[in-house]
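Working through the structure, step by step
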Amino acid sequence: MPSLLILGGGPAGYVAAIRAAQLGFTTTCVEREPALGGTCLRVGCIPSKALLESSEIYTASRHALERHGVLAGPVQLDLARLLKRKDDVVNGLTKGIDGLLKKNNVTRIEGHARFTGPGAVSVTTASGETRSLSADHIVVATGSRPSSLPGIEIDGSIIGTSTEALSYPSVPEHLVVIGAGYIGLELGSVWARLGAKVTVVEYLDRILPGMDREIADEAQKLLGRQGLDFRLGHKVQSARVEDGKGVVRCEGRDPIIADRVLVAVGRVPNTQELGLETTGIQLDPRGRIEVDPHFRTSVAGHYAIGDVIKGPMLAHKAEEEGVACVEFIAGKHGHVDYDTIPGVCYTHPEIASVGKTEEQLKESGTPYKKGVFHYRANGRAHALAETDGRAKILTHATTDRILGVHIIGARAGDLIAEAVVAMSFHASAEDLARCSHAHPTLAEILKEAALATDGRALHS
Ligand code: NAI
């Protein structure tokens, strides 16, 4: 049986390991952390979603229950228990991945892997032992880490990254978030709901760069109403601890003083300290491993997937690549459709997107039609008391093919799945509109938005 060695046990690596085992490879996965699951599971998607859920329940019990005619006594916050629940969720899921690898007979090695030459890897364990590994095929899936900016002095306590912001031991009085991207908005929302004053400092004149502008503007309005104080057009020059406080200085502005500073200005691939220079594997100017459409690097028998290669740094993109890469190695037909990878920001309401934005269509000169339908015109949204938001469908003006779908509103992250399926099958707006959508559901908002591209929405 051919052997396959995977470096990294995150969503790219562990999923690739399971698929490789299914396909009959003798599979080994090296991970330096004691827990599997990578950033996503340990200090990313999963713990942040646990905190978002708990903080949302806290806010809803204080402000939304009365609207439903439910009266409760004074609501209190037990932050230690809230954080422990988050840790329990993470621990349970990481153990689950351990179990999945065992079930699939994947050999798991704990330690830091480093190439010593093409096809040769040395692993150093926590206790300092080293062992040499080789395999017929080697897949690099070592993920990414938070980036910073010159002038920002991260001390891992008052000034830190998303990792620290998942575990502040008390609610900061004033939290300054640098960067209005996914991480900034999600973790900013968590601490705002738990009682912090949250200031979000962003270099651009808008939040959520890359998302459809109309939807991002709506998000800014709704999140602003929840208390997030956006300072747009602010270029951070420095952030450092002075007299026990975080001091953030922006070009041409007064300093902002905070109890905690969260730096959320993007992530960089983990391609250093890997000994890649000993292999001849080529990197692009942004430090990502260059791969061809079959995830092959410049060196035969070596592959790369997930955050270490180009494309959005998203867990589900990494998983797709893990499966496809191993299928290619096995001589099968792997496939990742990069045009239909959804993005979801799990604020309240959620923001979800797939395909082209209106700005991209304008820029490329693509003739398009647009259909918008508001949550306030949907029956289920009223029953849920979730009437903020809208769905927007963009179609090709002549073929009616769906080119992009953008949603802000309750459960947008779940609703976007229908748009992904429709786009994957190259559906037209008419196809989607003619599908029966159960009543009363939020999914009817998408059907109506599809009708609206042709000026035929029924309920607006
Ligand atoms: P991001 O790239 O989404 O946002 C970073 C923000 O920082 C941008 O708006 C940028 O304009 C701003 N910025 C950069 N330099 C600045 C400066 N000097 N002063 C002020 N603002 C500045 O990065 P983020 O939020 O750190 O997320 C990292 C990665 O993790 C992303 O690729 C994201 O896709 C992924 N992620 C995905 C999540 C999800 O799918 N729900 C959740 C969290 C992260």
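**Quick look at the pattern of salt bridges**
Under the counting rule described, the total for this entry stands at 30 salt bridges. For aspartate 259, the salt bridge identified is with lysine 245, shortest N-O distance 2.7 Å. Separated by 14 residues along the polypeptide, aspartate 259 in the loop between β15 (256–258) and β16 (260–263) and lysine 245 in strand β14 (residues 245–250) bring together distant segments of the chain. Accessibility expressed as a relative area gives 22% for aspartate 259, which makes it partly exposed. Salt-bridge contacts for lysine 392 lead to glutamate 358; the nearest nitrogen and oxygen are separated by 2.5 Å. With lysine 392 in strand β22 (residues 389–396) and glutamate 358 in helix α9 (residues 358–364), the pair connects residues that are 34 residues apart, well separated along the chain. The exposure classification of lysine 392 matches that of glutamate 358, with both residues buried.

**Some details on the environment of valine 106**
Residue position: valine 106 is located in the loop between α4 (79–103) and β3 (107–110). Separated by 101 residues in the primary sequence, valine 106 and leucine 5 have C-alpha atoms spaced 9.9 Å apart. Discounting chain neighbours no more than four positions away, the residues touching valine 106 are Ala17, Ala21, Thr27, Thr28, Cys29 and Leu101.

**Quick look at the sheet that holds strand β5 (residues 120–124)**
Pairing within the open sheet is antiparallel, and its three strands lie in the order β4-β5-β6. The two strands at the open ends of the sheet, each matched to only one other strand, are β4 (112–117) and β6 (130–134). Here the strands of the sheet are splayed against their neighbours by 30° on average, with no regard to which way each runs. Summarising the sheet, β4 and β5 pair through five bridges and their orientation is antiparallel. Considered in β5, the bridge of histidine 112 is made with threonine 124.

**Some details on the domain arrangement of the protein**
Taken domain by domain, the protein consists of domain 1 (3–145 + 268–336), domain 2 (159–265) and domain 3 (340–452). For domain 2 and domain 3, the distance between their C-alpha centroids amounts to 29 Å. Contact with domain 2, which involves 18 residues of that partner, is made by 22 residues of domain 3. Here domain 2 packs against domain 3, burying approximately 1600 Å² in sum over the two surfaces, 59% of which is carbon and sulfur. The largest share of the area that domain 2 buries against domain 3 comes from Asp212, Glu214 and Ile215, three residues that together contribute 35% of it. At the surface where domain 2 touches domain 3, the tally comes to six salt bridges. When the shortest N-O distance is used, the salt bridge between aspartate 388 and arginine 225 registers 3.7 Å. Counting across the interface, domain 2 meets domain 3 through nine residue pairs in polar contact (both at pLDDT 80 or more). Among the elements of the structure, α6 (182–193) and α7 (213–225) are those that each provide at least two residues to the side of domain 2 that touches domain 3. Considering each element in turn, the side of domain 2 that touches domain 3 owes the most residues, eight residues, to α7. Grouping the amino acids of the side of domain 2 that touches domain 3 by side-chain chemistry returns eight nonpolar, three polar and seven charged.

Reading the values: rules and limits
Residues numbered from 1 in each chain as written. Predicted model: local features only at pLDDT ≥ 70, side-chain atom pairs only at ≥ 80, totals over all residues. Heavy atoms only, no water. Salt bridge = Lys/Arg side-chain N within 4 Å of Asp/Glu carboxyl O. Helix = DSSP H or I, 4+ residues; strand = E, 2+ residues; numbered from the N terminus. Buried < 20%, exposed > 50% of the residue type's maximum accessible area, 1.4 Å probe, protein only. Contact = heavy atoms within 4.5 Å. Pairing = 2+ DSSP bridges. Axes fitted to C-alpha atoms, helices over the stretch in contact; angles between N-to-C directions. Domains from an automatic or database assignment. Buried area = accessible area lost by both parts, 1.4 Å probe. Polar contact = N/O pair within 3.5 Å; in protein donor to acceptor, adjacent residues only side chain to side chain. Nonpolar A, V, L, I, M, F, W, Y, C, P; charged D, E, K, R; others polar.

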